[in-house]
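Overview (structure and organization)
Listed below, chain by chain, are the residues.
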Amino acid sequence: MALYKIVPKNPYYFWSVMSLVMQAISAQDEKLAQTMFLPLAERMVEKMVKEEKIEAEAEVQLYFMILERLGKCVEALEVIRGPLGEKLTSELQSRENKCMMLYQRLQQWPECNALAHKLLLKNPDDWQFYPSYFDSLFHLIDQSWIQPEEGDHCPEGEVHHTVAEVVRFVEERIKGEDGKESHSLRGPYLARLELMHRLRKRGCAEERLLGDPFELMVQFFGKFGDKPCCITDLKIYLHLLPAEQHVQFINRLSKAVPLREQGEEGFSFPEDTKALQRHLCLCQLSRALGLNHSLDVDGKLRLITELKAHYRYGLKFGKNAVKTELQFSDMYCLMAAHVYIDLWTETGDENMVWQCLGLLQEGLSHSASNAQFKLLLLLLYCRLGAFEPVVDLYSSLDAKHVQHDTIGFLLTRYAESLGQFAAASQSCNFSLRFFHSNQKDTSEYIIQAYKYGAFEKIPEFIALRNRLNQSLHFAQVRTERMLLDLFLEADIVLSLEESVRAMPLSAEDDDIPWDNMRDNRDLTVFTSWDPKERELTDEHRLRSLEEESVWLRLRSLTLRLLTFLAGLGHTPSQQNSKMSNENGVGDKTSVLGSLLSQLNQTLQTAAQLAEKHIQYPFLGPPATRLAPALSSGSCQCQAAALQLSVHLQELETVGLDESSELQTQICNSFKSLVVQLQEILNKCKGDLLEMKESKLKTQPSLLENLIFFVETVCIVLWMASYCAKILRPLKTGLQKKKKKKKDSQTALPVVVCGFQELTGSLQDLLTQALEHIKGQETGMTALKLASLTLEGPTQEEVSFMQAAMDKVQSSYLRSLQEVGDLLKKRAETIKSLKI
């Protein structure tokens, strides 16, 4: 306002108004926003309105925003329909869209219906108004609305308040399109199917007025089957067809697909790209109706052969295409890959996945920019436990801005769990770099919006910033990155205490916004033509979010307990409990107790969740590491190791003289940890990659279990390091006492003997693990993949399969090497545990 008083120009005045709106948006107390900030902003704008000083559209937009946030829809409607509304010109139909939204909020259904009707007369292809038109119709029917005997139906004009009137209106629009010689619009035809869907949902007999859905969809395919959008248009209305008509429907559509050219394989092929698109849409509809899934194994293999033949034939239409353009027949290749995946998941025949990988690699060689090929390859390699090829695939997707949040989970979920620690670190950085720059970028956007008067965009930028700050993926990546840094560096490059000190961590404070967590993952990023019963459901989404949250909570609590453990390393030994309370150690004990209690509670929740054995669709969200972590025993062993810190603190307070029972308890815990670690290691044994009957078999779960072993060993070693720090001064004190008493007996305390046994056992376990890794590396290197008898109609296809196998083998070897190197470094740290 000070600036406005010096230079009385509107922009400066409205900056002041927007600042009040910003305070309302960011206010913790909603009541304060509604009773002080927004009313004050409203009065300031009203003053300018009365003085007729409103000049720009942005000022009207701001006035509308204030009234909308105050819930004053009637006043907002008056503004939009009045002279000020005439300034809303920058966006097409901005005024009408705002009126429609307000009519819906005010439940003024006659006006809503009449406005939608009026706008559809102008543009029958404007889909956004059809749902409003149909919604308002059913509200009017439910309210038994009766039109006035005299005058207009409502201020917006004529109201259609019966199903017959709406059906007639839609049919008239279709007749208008049928009469065209040129390009027809899809909107009216889809509106007819949408109206039929809604009438059937309500159980209205008037559905028959629209005709037979079978014939309507055949007509739609006849008109628009040569457009890529035809499948997405029709798929959502396929439920209107009874199951017994599915085969008949596909047979009927096939008559409208011109296939004339005969190929060597006995298949008929299209003459041009329009015919190709029609046939492709027919195949997609066939899959969406579940006809692909009902085939037996031989039927599916024949289908794959046909799809591959159409794919390769269709490549001739894109011979002159630029490298970055997609091939016309790419979707045949993708569909064949989906059928291969069906066979792999149903029969367990791993040969299917190798052929699928080979086909996708072939597809990528012809269509280097096809994101769907890359995404599916990325998923398959991760499912096989091979992370090495995935990083390059993800980089080539060239994910931009918010995509690091929406699809980043595909990469980071598998990053660390497959043993590629360097690549995992790089993957986390991909995402974290975006999240950290978000704060700075959003502030810049807000400044620019102020500068150019785009006030309505400012709340959107704030909402984007909040959405990203509260992102589930952001919290996961931060947590996993810090844990990864500790596993790779703590007590190797730096001590655990120094590593933790370098991180933005606090054992006492949890900075994850659990109550406001946002799941921003795009779980529909994969193109799919599966029938409705195989698609991702809302239940799947909820269960996936619950699973992700529980796993994140486990990892976060583990990280905070390690932070606490690092802090304990600095705590001086205090014999007097009163003094320890004064020094804050008592507070620390309560924090430790609280964290351990939360960890045990979360483990119980995790066990209950794992018992449900939730299965997601193959192209749905990837399952978390929760179930394998519990079945391997890793979570339980880590919790037991962290729980030991309570007894060690007690031993530090009591001393060695009067703690024989406690020492025995600690020794039993040591033995239990060794037994649990041995069991985890046993679950890693087996061949990660082996050749059986000239076929290549993988067991990626063994690699995941090996990573669980590595993580658990690290935590046990840090606990052992903390134990050594406590026992050293206690043992030294005991030896001094013995010297004073001239006691010749040199029997070591029980806990010291137990600790020495623990370090020896840990050394043996690491030796076992390293021998197992060496054996795997030797066996895998000796595998002669070239000697595999690969089935493929062409040598080119076999070479693509061979390349995929080589990538998996190379990735496994890289993982084993990185895990082996880390375990060797950990084995070196055991030497420092002598007391």
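See the structure shown above.
Description of the structure in this document. (Residues numbered from 1 in each chain as written. Predicted model: local features only at pLDDT ≥ 70, side-chain atom pairs only at ≥ 80, totals over all residues. Heavy atoms only, no water.)

What about helix 10 (residues 187-202)?
For clarity, the cut-off: In this text, helices come from DSSP runs of H or I with a minimum length of four residues, and strands from runs of E with a minimum of two, each type numbered from the N-terminal end. Expected helix span is taken as 1.5 Å per residue step, with the number of steps being one fewer than the number of residues. Buried residues are those whose accessible area, probed at 1.4 Å on protein chains only, stays under 20% of the maximum for their type, while exposed residues exceed 50% and partly exposed ones sit between those limits. By the convention used here, residues are in contact when the closest approach between their heavy atoms is within 4.5 Å.
Helix length check: helix 10, at 16 residues, gives a terminal C-alpha distance of 22 Å against a target of 22 Å (1.5 Å per residue), a fit within 8%. Of all 16 residues that make up helix 10, twelve are buried, and the element is covered over most of its length. Buried within helix 10 are the following residues: Gly187, Pro188, Tyr189, Leu190, Ala191, Arg192, Leu193, Glu194, Leu195, Met196, Arg198 and Leu199. Of the surrounding secondary structure, the elements contacted by the buried residues of helix 10 are helix 8 (129-142), helix 9 (163-178), helix 11 (213-224) and helix 12 (230-235).

A closer look at helix 16 (residues 330-347)
In a regular helix each residue adds 1.5 Å, so 18 residues correspond to 26 Å; helix 16 covers 26 Å between its end C-alpha atoms and thus fits that length. Most of helix 16 sits out of view: 14 of its 18 residues are buried.

Focus on the pairing of strand 4 (residues 695-698)
The side chains of a regular strand alternate, residue by residue, between the two faces of the sheet. We count it as follows: Two strands qualify as a pair provided DSSP detects at least 2 bridges between them.
Across the two faces of strand 4 the burial differs, with Leu696 and Thr698 buried and Lys695 and Lys697 not buried at all. As paired elements, strand 3 (residues 689-692) and strand 4 share four bridges and run antiparallel to each other. Paired with Lys692 across the bridge in strand 4 is Lys695. Connecting strand 3 to the next strand, strand 4, in antiparallel fashion are two residues, including Glu693 with a positive phi near 50°.

Quick look at the nonpolar core
Heads up, the condition is: We define the nonpolar core as a collection of buried residues of types Ala, Val, Leu, Ile, Met, Phe, Trp, Tyr and Cys that are connected through side-chain atoms lying within 4.5 Å of one another.
Core analysis: the largest hydrophobic core is formed by 259 residues, its most contacted members being Phe249, Leu376, Leu380, Phe387 and Trp718. At 22 residues, the largest contribution of residues to this core is made by helix 32 (residues 700-741). Leaving out residues up to four positions away in the same chain, Leu380 has contacts with Ile341, Trp344, Val353, Cys356, Leu357, Leu360 and Phe618. Phe434, Phe435, Leu464 and Leu468 belong to the second-largest nonpolar core, a separate cluster that totals eight residues.

Section: empty space enclosed by the protein
Let me state the cut-off plainly: With a 1 Å grid spanning the protein atoms alone, the term cavity applies to any set of points in which a 1.4 Å probe fits but cannot get out, the term pocket to an open set with protein on both sides within 12 Å along at least five of seven lines, and the term lining residue to any residue with an atom within 4 Å of a point. Grid points are joined across faces, edges and corners, and a volume is the space filled by probe spheres set on the points. Lys, Arg, Asp and Glu make up the charged group, whereas Ala, Val, Leu, Ile, Met, Phe, Trp, Tyr, Cys and Pro make up the nonpolar group; the residues left over, Gly among them, are polar.
One pass over the full model with this rule turns up five cavities of 30 Å³ or more. The calculated volume of the largest cavity comes to roughly 280 Å³. For the lining of the largest cavity, the secondary-structure elements that each account for two or more residues are helix 21 (409-415), helix 22 (421-452), helix 24 (472-489) and helix 26 (538-568). Ranked by residue count, the leading element in the lining of the largest cavity is helix 24, at five residues. Its residues assigned to classes, the lining of the largest cavity shows eight nonpolar, five polar and seven charged. There is about 90 Å³ of room inside the second largest cavity. In terms of lining residues, the second largest cavity is bounded by Trp551, Leu554, Arg555, Thr558, Leu599, Ser634, Cys635, Gln638, Ala639 and Glu711. Of all the elements in the fold, those that place two or more residues in the lining of the second largest cavity are helix 26 and helix 30 (634-654). Of the residues assigned to the lining of the second largest cavity, the class counts are five nonpolar, three polar and two charged.

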